[in-house]
Amino acid sequence: MWLRVDTFAYTNRLSTLHPAYKVGISALALGVCLAFDQPLTSALVLGVMWVLMVGWADIPWRAAARLLTAESGFLLGGVLSVALSVGDVPSGLEIAGLGIRVGVSAASLQHASNVFLRVLGSIAALDFLALTTPVPDLLELLRCLRAPEALVEVMGLTYRFIFVLLDSLERMRRAHDVRLGFANRRAALRSTALIGANLFIEAFRRGQRLELALRSRAWSGSLRVLPRAYTHPFRR
Amino acid sequence: MKLTFRDVYVAYPGTSTPALSGVSVEIVAGQRVALVGRNGSGKSTLMLTANGILQPQRGTVLLDGQPVRYDRRGIAELRRQVGVVFQNPDDQLFSASVYQDLSLGPLNMGLSQAEARERVLRVAAQCGLSDLLHRPTHSLSGGEKARVALAGVLALSPRFLFVDELINDLDPWMRKRIVRLLCELADAGCAVVLATHDWALVRAWAQHVIWLEAGRVLRQGQPSAVLAGPECSDLESAPC
C-alpha cells in the first residue's frame, strides 16, 4: 500500500504542481477539521478532499477508497473506546461482581461519530498531500522554508534507503524461503531474527558504499541538487 | 592527456597483503581499456586509487605527468578528471529522482544552476534518460539504474572513466547499448577503462588490456597478445 501511495505521488495529475499549493490546501483542510467541531464540516472536508484526490489529481477512486478504508479500520478501533460509556448506562451490560455497567449511550455514540468524522476528514487532508506530492518535493519545500540543511539531507537519504533496504529485505527473505527458512514457526522465527541482523549490517555496508560513490562524484559534504521545475497555476 | 600508475602499492587498513603491489600502468585519453582478472585481483582497488579515494602507500599516480596531490584541491581536481562508476547502481543513486541525482556532480564542481541544468539535460540525452528524468530512482529497472549511475559520473565530464563491472548483470540488449555509449565516449576523447569478466567483449571492444593477478599486473597490451596462451584457451573452451 505504501509503495502504491508513493507511485501515485509521482504519477498523478498534480505531481508537477508546486508543493506549496498542495501543502497549503492540506493544511487548510486540516485546520478546518480541527477548528470546527461540527460533523457536517468534517464530512464536507472529507467530500472536498475526495473530489480533489479523485477529480483533480486523477487518483483512481478504488485506490483512494481502499486507502481511506484501511485508515478507517484503524480509526474504528480507537473510536470504539469513545463510544463505550462506563457507569450510568441504563441499557449497558453489568460486569459481574464489580457493579459497573458498560454500554453505549446516545450521547457517547454521537460523540464517537463526531470524533470519527473529524479524524477521517483530517486523514483525508493528509492523504491528499501524500497521494499528490512526491517526498523529494516536500524536502524541496522544506529547503525553501529554510529548514536545517542537514535535517533535509538526512530525510532524503532515509527516504532513498527505505527502498534500497526493502529490496535487500525481499532478497534475503527469498533466500531464506528457498532454504525452507519459513517452513514452520520455529524456523520462521529464526529466519526473521537472522534477516533482521543481516539487514542491520547491510544498511551499514550500503551506507559505506554510498559514501564512496558520493566521494567519487566530488561530494564536498553537502548533497546539493537542482530543484524541479514546478507549475504555478496563479503565476503567468 | 594520460593517467599513469608508477609502481603503486595500496593496502587496506588492517591487512598485511597489499591489494595493489607495484602496479605500473598508463592510460591514454581516448583509449578503450579492459581490466581483467579474478575476483579480488585488485581491479576495484585500482579504480578507487585512480579516483583518489584510496591513496597509495608507495609509488605515484600521475595525471598528465604531474603527481596527484592528495590535499583538498588536488583531490577535487582529480575527481573532475577521473570518474568511477561502481558495480551496483543502487550504491550510487542517492537521490529520490533521476534529475536531482544527475545534478549532484555538476553542483559539487561549483557550476551555476543554469550550467548544471544544461549539463544534466545533455548527459540525460546522451544516455537515453530524457524520458526518465523525473522518475523516482527506486522505480527504475536494473538497466535504467545502470545508465543513471553512468550519467551521474558523465555529468562531471571526466577525461578518464572507470566502469567497474557495471554491465555484468545486464541483459544483452542493455549491455550493447551501454557498450556503444562507452565507444562513443572513447571516440570523443575520453579514456574508458572497463573492468569485466567477459572475454569476448574484451576481444571485440578493447584496444588495450590490463590483466591483474593478486594485486600485480600479470600482462598488459593488445587483446590478441594478452588473451593468448593455454590458460586463456582453457577458460574459453567448452565447460563439459
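Residues numbered from 1 in each chain as written. Chains lettered and ligands numbered in written order. Predicted model: local features only at pLDDT ≥ 70, side-chain atom pairs only at ≥ 80, totals over all residues.

A. Spatial organisation of the overall build of chain A. A count of helical and extended segments in chain A gives eight helices and three strands. Overall, chain A shows an N-to-C arrangement of helices and strands of α-α-α-α-β-β-β-α-α-α-α. Taken against the 2.2 N^0.38 rule, which gives 18 Å for 236 residues, the C-alpha radius of gyration of chain A at 24 Å runs more than 25% over that of a compact globule. Each principal axis of the C-alpha atoms in chain A carries an extent, and together these give about 75 × 65 × 35 Å. For chain A, the proportion of its 236 residues judged to be buried stands at 27%. Excluding contacts between residues fewer than 6 apart, the proportion of contacts in chain A whose partners are at least 24 apart in sequence is 70%. (Helix = DSSP H or I, 4+ residues; strand = E, 2+ residues; numbered from the N terminus. Rg over C-alpha atoms; globule rule 2.2 N^0.38 Å. Buried ≥ 20, exposed ≤ 12 C-beta atoms within 10 Å, placed from the backbone. Contact = placed C-beta atoms within 7 Å.)

B. A look at the packing of helix α3 (residues 98-108) of chain B against helix α5 (residues 142-154) of chain B. All names here are of chain B. One can describe the packing of α3 onto α5 by two numbers: an axis separation of 7 Å at closest approach and a directional angle of 30°. Accordingly, the angle class assigned to the pair α3 and α5 is roughly parallel. Facing Val98, Asp101, Leu102, Leu104 and Gly105 of α3, the residues of α5 in contact are Val148, Ala151 and Gly152. (Axes fitted to C-alpha atoms, helices over the stretch in contact; angles between N-to-C directions. Parallel < 35°, antiparallel > 145°, perpendicular 65-115°, else oblique.)

C. How the structure looks around the domain arrangement of chain A. On domain assignment, one finds that chain A holds domain 1 (2-133) and domain 2 (148-216). For domain 1 of chain A and domain 2 of chain A, the distance between their C-alpha centres works out to 33 Å. (Domains from an automatic or database assignment.)

D. Region of interest: the interface of chain A and chain B. Listed by partner, the interface residues are 27 residues for chain A and 32 residues for chain B. Of all the elements in the fold, those that place two or more residues in the side of chain A that touches chain B are α6 (135-144), α7 (149-178) and α8 (185-216) of chain A. Ranked by residues supplied to the side of chain A that touches chain B, first place goes to α8 of chain A with eight residues. Taken together, the residues of the side of chain A that touches chain B break down into 17 nonpolar, three polar and seven charged. (Nonpolar A, V, L, I, M, F, W, Y, C, P; charged D, E, K, R; others polar.)

E. Structural context of the sheet that holds strand β3 (residues 32-37) of chain B. Residue and element names in this part refer to chain B. Taken in spatial order, the six strands line up as β6-β7-β8-β3-β9-β10 in an open sheet, and their pairing is mixed. The sheet is open, and its two edges are formed by β6 (82-85) and β10 (216-221), each paired on a single side. Neighbour-to-neighbour, the strand axes of the sheet open up by a mean angle of 20°, direction not taken into account. As judged from the four bridges shared by β6 and strand β7 (residues 160-164), these two strands associate in the parallel manner. (Pairing = 2+ DSSP bridges.)

F. Examining α7 of chain A more closely. Residues and elements named next belong to chain A. Between its first and last C-alpha, α7 extends 44 Å over 30 residues, near the 44 Å set by a 1.5 Å rise per residue. If you check which residues of α7 are buried, you get Gly156, Arg160, Val164 and His176. For α7, the secondary structure elements touched by its buried residues are α6 and α8. Immediately downstream of α7, the backbone of Leu180 shows phi near 60°, a positive value. (Expected span 1.5 Å × (residues − 1).)

G. Representation of helix α4 (residues 113-126) of chain B. Residue and element names in this part refer to chain B. Taking 1.5 Å per residue, 14 residues should reach 20 Å; α4 reaches 20 Å between its end C-alpha atoms and fits that length. If you check which residues of α4 are buried, you get Ala116, Arg119, Val120, Val123 and Ala124. The buried residues of α4 all sit within an arc of 135° when viewed along its axis, so they share a single face. Counted as exposed and oriented over 90 degrees from the buried face of α4: Ala114, Glu118 and Ala125. Along its buried surface, α4 packs onto α3 and α5. Where α4 terminates, the next one or two residues include Gly128, which has phi positive at roughly 70°. (Arc of directions from axis to C-beta.)

H. Molecular detail of the confidence of the model for chain B. Confidence along chain B averages 90 in pLDDT terms, with 100% of residues attaining 70 or more. Prediction confidence for the complex, expressed as pTM and ipTM, is 0.80 and 0.80 respectively. (pLDDT = per-residue confidence, 0-100.)

I. Seen up close, the sheet that holds strand β5 (residues 66-67) of chain B. All names here are of chain B. The strand order across the open sheet built from four strands is β2-β1-β4-β5, with neighbouring strands paired in antiparallel fashion. Strands at the two margins of the open sheet, each flanked by one partner only, are β2 (20-28) and β5. Strand direction decides the pairing type here: strand β4 (residues 58-63) and β5, joined by two bridges, are antiparallel. Within the sheet, the bridge partner assigned to Leu63 lies in β5 and is Gln66.

J. Looking closely at unusual backbone geometry. Residue and element names in this part refer to chain B. If you check the backbone angles, Asp64 has positive phi at about 55° while not being a glycine. If you trace the backbone, Asp64 turns up in the loop between β4 and β5. What makes Asp64 exposed here is the crowd of 11 C-beta atoms within 10 Å. Residues other than glycine seldom take positive phi values, yet Ala214 does so here, at roughly 50°. Judged by local crowding, Ala214 falls into the partly exposed class, with 15 C-beta atoms found within 10 Å.

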